[in-house]
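Secondary and tertiary structure notes
What follows is each chain in one-letter form.
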Amino acid sequence: MRVVAGRYGGRTLKAPRGRDVRPTADRVREALFSILGPPDGLAVLDLFAGSGALGIEALSRGAASALLVERDPRAAAVIRANIAALGLAEPEAVVFAGPARAALRSASAGGDTYDLVFLDPPYRSAPELGRELSAALGPLLAGGGRVVAESDRRAPLELTLPLVHERRYGDTLIRIHTHGT
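Structure report, in brief. As the structure is a prediction and not an experimental result, all values here were calculated from the model. (Residues numbered from 1 in each chain as written. Predicted model: local features only at pLDDT ≥ 70, side-chain atom pairs only at ≥ 80, totals over all residues. Heavy atoms only, no water.)

Before going further, it helps to examine the pairing of strand β3 (residues 93-97). Two elements, strand β2 (residues 65-70) and β3, share five bridges in a ladder whose sense is parallel. The residue bridging Glu 70 from the neighbouring strand is Ala 97, located in β3. In this view, the connection linking β2 to its parallel neighbour β3 by way of helix α3 (residues 73-86) has right-handed handedness. (Pairing = 2+ DSSP bridges. Helix = DSSP H or I, 4+ residues; strand = E, 2+ residues; numbered from the N terminus. Right-handed = clockwise from strand over helix to strand, strands pointing away.)

Quick look at the packing of helix α1 (residues 26-36) against helix α2 (residues 53-60) now. Contact pair α1 / α2: the axes reach a minimum separation of 11 Å and the direction vectors enclose 50°. With respect to their mutual orientation, α1 and α2 come out oblique. The hand of the α1/α2 crossing is right-handed. Of the residues in α2, those touching α1 at Arg 29, Leu 32 and Phe 33 are Ala 53, Leu 54, Glu 57 and Ala 58. Of the residues that constitute the contact of α1 with α2, the class distribution is five nonpolar, no polar and two charged. (Axes fitted to C-alpha atoms, helices over the stretch in contact; angles between N-to-C directions. Parallel < 35°, antiparallel > 145°, perpendicular 65-115°, else oblique. Left-handed = near helix turned anticlockwise from the far one by under 90°. Contact = heavy atoms within 4.5 Å. Nonpolar A, V, L, I, M, F, W, Y, C, P; charged D, E, K, R; others polar.)

Rendered as structure tokens:
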């Protein structure tokens, strides 16, 4: 796995071992950022970050900051190693090692807002998370903020935010939602 484009384009990223993490494929990330356009200056939240590939790709392409949230300690360690290997540091790249719910509560309590949110929960959990994530993300999204949800096409992550784009890559379903203007 590698960073597709930007200042770290071509650099290799590590992925956690095991079957619990399935990093977004390079070709899917490339297509996704083609749809999204440059993330210049955006604040990014990468929930269920896994290897950190989506948040790191956003930083490589010009995002101002990224909060990468991962509950699995081994995966969080891999994200930290990927960030360190690229020379990234806080406050540009911050790793939250804990559950998504805790990260969302902390961000809300701190009054944080994000322009771009990546959601890539474990596929088996996606169908039951839609309402909860929609409610939690509403106050955290900047005006015009976008949410990119990745899930299995057979068990999609259903958010209540307005859907603006949908694309399928094999069994992977990518949906882009927006939050007001």
